[in-house]
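# Geometric and topological summary
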Amino acid sequence: MKKFNFRKVLDGLTASSPGSASGTSTCPGGTAGVPAVGVPPKETEVQETLASENFQICKTVRHGFPYQPTALAFDPVQKIVAIGTRTGGVRILGRPGVDCYCQHDSEAAVLQLQFPINEGALVTACADDTLHLWNLRQKRPAILHSLKFNRERITFCHIPFQSKWLYVGTERGNTHVVNIESFILSGYIIMWNKAIELATKTHPGPVVHLSDSPRDEGKMLIGFESGTVVLWDLRAKKPDFRFYYDEAIHSVSWHHEGKQFMCSHSDGSLTMWNLKNTAKPFQITFPHAKSQRDGKKPDPCKPILKVEYKTSRSSEPFIIFSGGLSYDKAGRRPSLTIMHGKSITVLEMDHPIVEFLTLCETPYPNEFQEPYAVVVLLEKDFIVVDLTQSHFPIFENPYPMDIHDSPVTCTAYFADCPPELIPALYAVGSKHKKQGYSNKEWPVSGGTWTLGTQTYPEIIITGHADGSIKFWDGSAITLEMLYKLKTSKVFEKQKVGEGKQVAEIVEEDPYAIQMISWCPESRILCVTGISAHVILYRFSKHEATTQIVSLEVRLQNDVEDIITPEATENISPYTEPSQPITGSPSNVSPEGIKDSIPCLKVKSRPVRMPQGYQAELVIQLVWVDGEPPQQIASLAVNSAYGLVAFGNSNGLAVVDFIQKTVLLSMGTIDLYGSSDPYPRQLRSPRRSKQLPAGLSELSDSPVSLELERCKSPTSDNVNGHCTSPTSQPCSTGKRVSATEGAKLNRWGPSRPPFRKAQSAACMEISLPASHTEESRDNSFSRSRSSSVSSIDKESKETITALYFMDSYGRKNDGTLSPCLWVGTSLGVVLVISLNLPSGEEQRQSEPVMVAPSGTVLMLKGAVLTFSSVDCAGGLIHPPYEVWRDPNSMDDNEKPCKRKLVTCSPSSSQDMGDYHFAVICSEKQAKVYSLPSQNCLYAHSITESSFVLRADVVTVCNSVCLACFCANGHIMTLSLPSLRPMLDVNYLPLTDMRIARTFCFTNGGQALFLSSPTEVQRITFSQEMCENLQDMLGELFTPVETPEAQNRGFLKGFFGGSGQTFDREELFGEAAAGKASRSLAQHIPGPGSMEGMKAAAGGVAGDLARARIALDERGQRLGELEDRTAAMMGSAESFSKHAHELMLKCKDKKWYQL
């Protein structure tokens, strides 16, 4: 515990902070990492308990659907499923709570996954031709071994049941055998030229299938892409049978008796082959082709990518396949076909099928399979079909796989919520769940998970592009959907064929959510949308039919922020505040200029609202003189005050949602009053026209639409919120407004130098023209250019942060009063005084007085967040109203009066400063003592980058400021001294999606959207990192492998080979020899003993490096040995042929030669 005394820190230092007549307080800027300190009016001691040892960053859990899936595997005994992705990720799922994410360091795409059944391991084959063995007997899986193929490319893998040998097929058509325990390549190789007939002149193609015969484990079926199938005798090392077909093969599936198998082909056909007749298939079917008469060949169909042939003891066999639809039916969705007897069921999917697996009762391939479900992995979904019911319903998915139903545009994270919130949200959300699911339990039920000891209610809110808002229960590192709210229901739908009733500023996703402000205690929800609208909701347990109140606000900025060379006349820099206009939606001037028109039309009739969140008030910004309303950049709501405030680049609006009136609608410049430090100029009429948002003009800079609109928190959009939540591919274009283009060359020499300091935070994100859509979505580069938008060319001062709290509106005020703290993109902080009526009845009728207090504080960079800390260093929560049901039917349930809770700092006559105001901007953080407004501490957070997100959160029963910078650094600062506690370059900003969705919360936690479909949660608390192991689920549970069925004497005697098959004897080094060292390289994984020893450092690390060097030398010697052996073989062959020639010619005369 460290004790700080402000006066002792300042001993021997001279730090003056002269205040201006308007109440402006400044403090020394300080260098990076060095707090600058001002003199408080009185000696004040604050005990800070946080230390750097309390902080450590680690990932906790990842939720959502695996992005860009490529492979699927299932362990029928452990009952867990694994999904591989294109970026090298692997998700392993079991029962709810058992969810693990692994990542290959190479980030190579996962081609195939294989479970050694009931062994607690997983084999992954990646696109870089490397095999990896993962250990699943620990909560955090680790790679035990890796095997890198150097000369051949991996195309298919197969592990026989209860075997430790892995079959690997390659692009050259060869088949190799790998020992799973040691991950060493066997000398046993099946060469492609030995598998096919010698008379065949063409290469059979890559290996697309490998499987052992259910009848005899000593026989292996090898499928080549060209249409050739070979049954290979592993003991005799020769082919038993060869099967030829004209069409390419995609997959092969055995009948459980091992006497026949089925192939799927590229022409949409299925062929059945019998081992007794290898000349041709005994059955050829085109399941989806039109029946042709006169013996004509059926119409071509799409390829059947995979088929599975599963038998059942009590019914006809199941034939399940994907693809195979006819080409003539254009626009048909991807489908999964289930053939059961004479019935054919086609299940149409919403997305393309990546892979599917049939779940069976037994893991033994030579028994009746008894299929009961089909796991289907789609490009953007994961479903399981119930095969035990005739109509094939799907199971209700317990995983949060639908986060991305509509693209996520913003997130909010609330830890340590009121405990009654989650049951209340679940109660109203469960009544709107879909019906028709299978009544059986979810079949993926492996692993174990128990509730951790440190659990508290956590709620995650996601806003989406379609205007929906989802509430999730995030307690105990799980994620479960609680409730879904559709904000689009408060607006009228645009009917087809009608002209536009409103002036939309975006054509796609006009209801997209941009910001969420939620008060968990009062359950008041306030959201802003991309169409410059604000909706306020109240929570109710009862249905209601009410009229939605709609207000229209006119925000107009009539003053330029900066002097131009044309400002030669004395023009008053102040104008009268603009008043709210409640005009008709059809206000259009005779010249056709839109004015006072909202972007969307609110329903005018009474609306029936189900229980849950019910819309009470809709506030819309309107068009002004032909200009569309600017995007809302900041939002704040306070239930105790009954006020909601929002701002944009034109100004600030404050609305009383109790009386449904607009209290303040004022331009940003008007908020300064006489305290404006900069001379301004009235807006030029010729610069008053602007292109509607959403339109774009071509330019020379190829920039992705989404990235262009998310340039910097200080330009068009604030805090990384994107103006268009869905990214669409676009041509080389740049969104430029007419006003912006007209101002590019109009800056005068007298521009205040303060604004130049902002430019580092406005680096444009641009992409090369050669990048594909995928690369545009996943990468970016920051560059400074004179032709791109920046603060130097951004003329408007945007309201970037708002915060309601009980504070001191003016310097040296004696009493606390409700205030609204306002931060701008120029680093200016303003305080708005709020005068609220005292009694509840007066609050319902008497007006609320709102006026700027004249207080102006300055920071470097756009202001991001505010907070308040008391003299003991504790967080002061803003006042709030206790929730009450607005539609309660019971008099006992509804309190007579509003119950307000105020967490104000304790005040006494002998204390000068009662609490501290914490302010953080893109560049620095400052702590002011109130009411003296002395700057006690200032810390320069970054010089070369800028802060994207900052929040004041609680960690270890103390308070700190957490920051996430654009350069990937995550930092924490103690409060109030702003001492750096943590600075880690942890998260490279590879996509603006991260900046738009990153948020901190109490308990040292944070989350962000790691991909368009996944939410990644992290912690920066040392305590949680230590307890994380107890919170994670176990992937592997000791389960006995089910016993094989008794086949009976006659079945065993006539049904298959009686001799046992010893793979160790056949594939071991004694029988097969060693494989060539140049063929594959063994790499010890970090989870193996070799890897752990190598990571130990010191002498052990040196020994490991020496061992690696010896291995490399041995590999080179092995290659030399192979070449020497080849030369010796060639020499022996030459000697043999020479000897034969000598014997042949020995008795002949010279003229007979």
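Since the model is a prediction, treat every value here as computed from it, not as a measurement. Note on numbering: residues in each chain are counted from 1, in written sequence order. Reporting of local features is limited, given that this is a predicted model, to residues whose pLDDT is at least 70; pairs of side-chain atoms are given and counted only at 80 or more, and all residues count toward the totals for whole chains, interfaces and linings. Note that the side-chain values use all heavy atoms of the structure and ignore hydrogens as well as water.

### As for the nonpolar core
- To define a nonpolar core, start from buried Ala, Val, Leu, Ile, Met, Phe, Trp, Tyr and Cys residues and group those joined through side-chain atoms within 4.5 Å. Each residue is assigned to one of three classes by its accessible area relative to the maximum for its type, calculated with a 1.4 Å probe on protein chains only: buried under 20%, partly exposed between the two thresholds, exposed over 50%. With 35 residues, the main nonpolar core has Ile-459, Ile-461, Phe-471, Trp-518, Leu-525, Tyr-537 and Tyr-613 as its most contacted residues.
- Strands here mean DSSP runs of E at least two residues long; helices mean DSSP runs of H or I at least four residues long; both are numbered from the N terminus. With five residues, helix 3 (residues 421-429) is the largest single contributor of residues to this core.
- Apart from the residues within four sequence positions on either side, Trp-518 is in contact with Phe-414, Leu-421, Ile-459, Ile-461, Phe-471, Arg-523, Ile-524, Leu-525 and Tyr-613. For this analysis, residues touch if any pair of their heavy atoms sits within 4.5 Å.

### Let's talk about the pattern of salt bridges
- By convention in these notes, a salt bridge is any Lys or Arg side-chain nitrogen within 4 Å of a carboxyl oxygen on Asp or Glu. According to the stated counting rule, one finds 29 salt bridges in the structure shown.
- The closest approach of N and O atoms between Glu-1014 and Arg-91, which form a salt bridge, is 3.3 Å. In this pair, Glu-1014 is assigned in strand 69 (residues 1014-1021) and Arg-91 in strand 7 (residues 89-93), connecting sequence segments 923 residues apart. Taken as a pair, Glu-1014 and Arg-91 share a single burial class, namely buried.
- For the salt bridge of Asp-991 with Arg-993, the shortest nitrogen-to-oxygen distance reads 3.8 Å.
- Residue Arg-993 is classed as buried on the basis of its relative accessible area of 6%.
- Each member of the salt-bridge network shares a partner with another, and the members are Arg-62, Arg-91, Asp-99 and Glu-1014.

### Points about helix 9 (residues 1022-1031)
- If you check which residues of helix 9 are buried, you get Gln-1022, Met-1024, Cys-1025, Leu-1028 and Met-1031.
- Contacts from the buried residues of helix 9 go to strand 4 (55-64), strand 68 (1005-1011) and strand 69.

### Considering the pairing of strand 60 (residues 915-921)
- Most of strand 60 sits inside the fold, with seven of its seven residues counted as buried.
- Residues His-915, Ala-917, Ile-919 and Ser-921 point to one face of strand 60 and Phe-916, Val-918 and Cys-920 to the other, with burial holding for every one of them.
- Note: strand 57 (residues 863-870) against strand 60, seven bridges, orientation antiparallel. Its bridge partner lying in strand 60, Asp-870 is registered against His-915.
- Where strand 60 folds back onto strand 61 (residues 924-930) in an antiparallel hairpin, the turn is made up of two residues. A pair of strands is treated as paired once DSSP finds two or more bridges between them.

### Describing the sheet that holds strand 38 (residues 533-540)
- Taken together, the five strands give an open sheet; going across it, the order is 36-37-38-43-40, and neighbouring strands pair in mixed fashion. Sheet topology places strand 36 (513-519) and strand 40 (549-553) at the edges, where each strand pairs with a single neighbour. This sheet shows a mean twist of 20 degrees between the axes of neighbouring strands, independent of strand direction.
- Across eight bridges, strand 38 lies against strand 43 (residues 612-621) in antiparallel orientation. Following the sheet pairing, Leu-536 is matched in strand 43 by Leu-617.
- All axes here are fitted lines through C-alpha atoms, helices being fitted over the stretch that makes contact, and every angle between N-to-C directions spans 0 to 180 degrees. Packed onto the sheet, helix 3 meets strand 36, strand 38 and strand 43 and runs at close to 100 degrees relative to strand 38.

### Points about the sheet that holds strand 18 (residues 219-224)
- Across the sheet, which stays open at both edges, the four strands sit in the order 17-18-19-20 with antiparallel pairing between neighbours. Looking at strand neighbours, the two that pair on one side only are strand 17 (207-212) and strand 20 (238-244), the edges of this open sheet. Each adjacent strand pair in this sheet contributes to an overall mean axis angle of 20 degrees, direction not counted.
- Of the pairings in the sheet, the one linking strand 19 (residues 228-233) to strand 20 comprises six bridges and is antiparallel in character. Across the sheet, residue Val-230 finds its bridge partner in strand 20, namely Arg-242.

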